[in-house]
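Summary of the model geometry
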Amino acid sequence: MSLGRTLRQWWHEGLGREGCLRTLRRLVAALWEFARESMPEQRRRRYGDVEYDWDHRVDTTSATVGWRDRLLGKFLSPYQATEPALFREMLESLKIDFSEFTFVDLGSGKGRVLLMAADFPFRRIVGVELLPGLHRVAQGNISKYKSDSQRCFAVEAVCGDAREFAFPPEPTVLYLFNPLPEAGLVEVVARLEQSLGENPRPVYVLYHNPLLESVFSSSTLLRKIGGTQQYSIYASGGMRLERLP
Ligand SMILES: C[S@@+](CC[C@H](N)C(=O)[O-])C[C@H]1O[C@@H](n2cnc3c(N)ncnc32)[C@H](O)[C@@H]1O
């Protein structure tokens with residue numbers, strides 16, 4: 001994943017969408033924010049998410065992400081790990097037989113969500129991460145993770161682009177914590193709809209920090225069945241929640 005190529009692509013997409021001046025402004029804002037976040041005080045603040053790592057002897061904190069991946073994150077989607085209690089709340093609201101479902105995290109970063117999902121008896125778990133540096137840390141975490149509460153042992157991390165992910169043909173819980181800008185999310189939802197058209201099945205989407213809800217509201221195969229301000233839950237036709245959060 002080259003910084004120069006990512007920046008060029010980001011720049012050209014920006015030019016096409018909003019013109020030179022606005023793209024330049026966003027570039028300066030991104031670089032300024034990056035510089036600000038690199039100050040020691042901000043770095044200490046990022047250690048606020050480290051409790052999970054202490055408890056499980058893994059490395060999923062955003063505090064130790066190197067400058068290159070943090071800078072790439074400014075132009076793709078910054079790495080941030082999901083908060084454990086919130087993740088559990090999202091999964092427990094589904095009331096499904098987890099053993100029938102494959103769990104997919106698109107934009108899996110250092111893999112915290114993959115480890116937390118492994119405490120549920122999913123059929124298997126797959127994470128897809130674009131940045132090789134984060135992907136390697138996720139692989140290390142998967143092999144290190146040991147917990148009495150682990151129920152799924154088929155956990156796999158893949159390095160690749162979420163926009164090119166081929167959805168598995170089985171019932172799926174798809175997890176998204178803002179991995180993509182709007183154009184990318186549109187592609188992912190289109191792929192998921194195509195897969196559902198070819199192979200109708202139960203699919204739930206847990207959308208954490210749902211900034212781009214409009215992408216889902218235009219879907220004909222997925223409908224919103226629940227959520228809070230922090231997340232939205234979508235399901236393929238016929239699925240429902242017994243208890244809305
Ligand atoms: C907000 S983090 C979420 C990390 C993890 N899912 C969690 O909740 O703990 C978003 C992740 O998406 C990754 N990402 C950005 N663009 C991507 C793409 N096109 N394909 C796969 N991953 C991507 C980023 O590198 C980042 O690690």
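Residues numbered from 1 in each chain as written. Predicted model: local features only at pLDDT ≥ 70, side-chain atom pairs only at ≥ 80, totals over all residues. Heavy atoms only, no water.

**Regarding the site of the ligand**
Within the structure, the ligand sits among 23 residues, and T82, D105, G107, E129 and A162 are positioned closest to it. One of the side-chain nitrogen or oxygen atoms of T82 is found 2.5 Å away from an oxygen atom of the ligand. In the environment of the ligand, a nitrogen atom lies 2.9 Å from a nitrogen or oxygen atom belonging to the side chain of D105. Calculation on the ligand without its partners gives an accessible area of 600 Å², and the protein chains cover 98% of this total. (Near = heavy atom within 4 Å. Polar contact = N/O pair within 3.5 Å; in protein donor to acceptor, adjacent residues only side chain to side chain. Areas by Shrake-Rupley, 256 points an atom, 1.4 Å probe, with all protein chains shown as cover.)

**A short note on the domain arrangement of the protein**
If you check the domain split of the protein, you get domain 1 (3–75) and domain 2 (84–236). Spacing between the C-alpha centres of domain 1 and domain 2 amounts to 22 Å. Taken together, the 14 residues of domain 1 in the interface contact 13 residues of domain 2. When domain 1 packs against domain 2, close to 1100 Å² is buried across both sides, 56% of that on carbon and sulfur atoms. Counting every contact that joins domain 1 to domain 2 gives 1 salt bridge. Of the charged contacts, one joins D59 and K110 as a salt bridge, the two residues approaching to 2.8 Å between their closest N and O atoms. Counting residues per element, the ones that place at least two in the side of domain 1 that touches domain 2 are α3 (51–56) and α4 (67–75). Considering each element in turn, the side of domain 1 that touches domain 2 owes the most residues, 3 residues, to α3. When its residues are assigned to classes, the side of domain 1 that touches domain 2 shows 4 nonpolar, 5 polar and 5 charged. (Domains from an automatic or database assignment. Contact = heavy atoms within 4.5 Å. Buried area = accessible area lost by both parts, 1.4 Å probe. Salt bridge = Lys/Arg side-chain N within 4 Å of Asp/Glu carboxyl O. Helix = DSSP H or I, 4+ residues; strand = E, 2+ residues; numbered from the N terminus. Nonpolar A, V, L, I, M, F, W, Y, C, P; charged D, E, K, R; others polar.)

**Regarding the pairing of strand β7 (residues 231–236)**
The buried count for β7 comes to 6 of 6 residues, which makes it a mostly enclosed element. Side chains Y231, I233 and A235 project from β7 onto one buried face, and the interleaved S232, Y234 and S236 project onto a second face that is buried too. Here strand β5 (residues 203–208) runs beside β7; their pairing, made up of 5 bridges, is antiparallel. When the sheet's bridge partners are listed, H208 is paired in β7 with Y231. Judged from the 5 bridges that link them, strand β6 (residues 222–227) and β7 form a sheet pairing that is antiparallel. Bridge pairing in β7 links R223 to A235. (Buried < 20%, exposed > 50% of the residue type's maximum accessible area, 1.4 Å probe, protein only. Pairing = 2+ DSSP bridges.)

**Here we look at the packing of aromatic side chains**
For the structure shown, the criterion picks out 11 aromatic pairs. Judged by centre distance (5.3 Å) and plane angle (45°), the rings of Y207 and F216 are tilted. Residue class for Y207 comes out buried when judged on its relative accessible area of 1%. Site record: aromatic cluster; members linked through ring pairs are F87, F98, F103, F120, F122 and Y175. (Phe/Tyr/Trp six-rings, centres within 6.5 Å; stacked < 30°, edge-to-face > 60°.)

**What about the nonpolar core?**
Membership of the largest hydrophobic core comes to 34 residues, with the highest contact counts inside it found for L91, F103, F122, I125 and V173. If you list the elements that add at least two residues to this core, you get α5 (84–92), α6 (112–117), β3 (155–159), β4 (172–177), β5 and β7. When residues of this core are assigned to their parent elements, the largest contribution, 5 residues, is made by α6. Non-local contacts of I125, meaning those with residues more than four positions away in its chain, are made with F103, L114, A117, A118, C152, A154, V155 and E156. Within the second largest apolar cluster, 23 residues are counted, among which are V126, F165, L192 and V203. (Core = buried A, V, L, I, M, F, W, Y, C linked by side-chain atoms within 4.5 Å.)

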